[in-house]
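# Structure assessment
Here are the chains, one letter per residue:
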Amino acid sequence: MAYGAGAASCFAAANVFRTVFASQLTGAELDENIDLCLYTYNKSNAGDSIPLDFPVDLGETHLVGLGAMGHSSLWALARQSGLSGRLHVVDHEAIELSNLQRYVLAGQAEVGPL
């Protein structure tokens, strides 16, 4: 499921950050083993969880800010089966080379004014 892949990439990015900035951080130990159920947040036997597939109605929802977290949310929602409702996305920034790393669903073709 997309949520597991998204969480795994966040844990990996956190470990890369801790590795790069280890000399400037205290308590920056790397994660060695992560066993977490994203449905129950149970930290033991997460692999035993049964994936649930049920409809989700967003209703009328606004997602404000499409930086790293907003784009990650869109990425996961796009893979959610049974999703309905209306999602309005709002972001005041233009995608530029200086912030492209935050807009993970964009590429260089999207760089430019709004």
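The present account deals with the structure reproduced in this document. (Residues numbered from 1 in each chain as written. Predicted model: local features only at pLDDT ≥ 70, side-chain atom pairs only at ≥ 80, totals over all residues. Heavy atoms only, no water.)

### Thoughts on a nonpolar patch on the surface
A cluster of nonpolar residues, Val16, Phe17, Val20, Phe21 and Leu25, forms a patch on the protein surface that exposes about 450 Å² of accessible area. The topology assignment puts Phe21 in the loop between helix H1 (2–20) and strand E1 (56–64). Among the residues examined, Phe21 registers a relative accessible area of 34% and is labelled partly exposed. (Patch = residues over 30% accessible without salt bridge, like charges linked within 9 Å, V, L, I, M, F, W, Y side chains within 5 Å. Areas by Shrake-Rupley, 256 points an atom, 1.4 Å probe, with all protein chains shown as cover. Salt bridge = Lys/Arg side-chain N within 4 Å of Asp/Glu carboxyl O. Helix = DSSP H or I, 4+ residues; strand = E, 2+ residues; numbered from the N terminus. Buried < 20%, exposed > 50% of the residue type's maximum accessible area, 1.4 Å probe, protein only.)

### Concerning the nonpolar core
Counting residues in hydrophobic clusters, the biggest one holds 6 residues: Leu63, Leu66, Ile95, Leu100, Tyr103 and Ala106. Those residues in contact with Tyr103 that lie beyond four places of it in its chain are Leu66, Gly67, His71, Asp91, Glu93 and Ile95. (Core = buried A, V, L, I, M, F, W, Y, C linked by side-chain atoms within 4.5 Å. Contact = heavy atoms within 4.5 Å.)

### Section: the packing of aromatic side chains
Think of a pair of aromatic rings as described by two things: how far the centres are apart, and how the planes are tilted against each other in angle. Under the counting rule described, the total for this entry stands at 1 aromatic pair. Seen from their ring centres, Phe17 and Phe21 are 4.8 Å apart, and the 45° between their planes marks the pair as tilted. Classification of Phe17 as partly exposed rests on a relative accessible area of 45%. (Phe/Tyr/Trp six-rings, centres within 6.5 Å; stacked < 30°, edge-to-face > 60°.)

### Observations concerning the side chain of Asn99
Relative to the assigned elements, Asn99 resides in the segment after strand E2 (83–90). Of the residues examined, Asn99 reaches a relative accessible area of 4% and is grouped as buried. At 2.7 Å, the side chain of Asn99 and the backbone nitrogen of Glu96 are in polar contact. Apart from the residues within four sequence positions on either side, Asn99 is in contact with Glu93 and Ala94. (Polar contact = N/O pair within 3.5 Å; in protein donor to acceptor, adjacent residues only side chain to side chain.)

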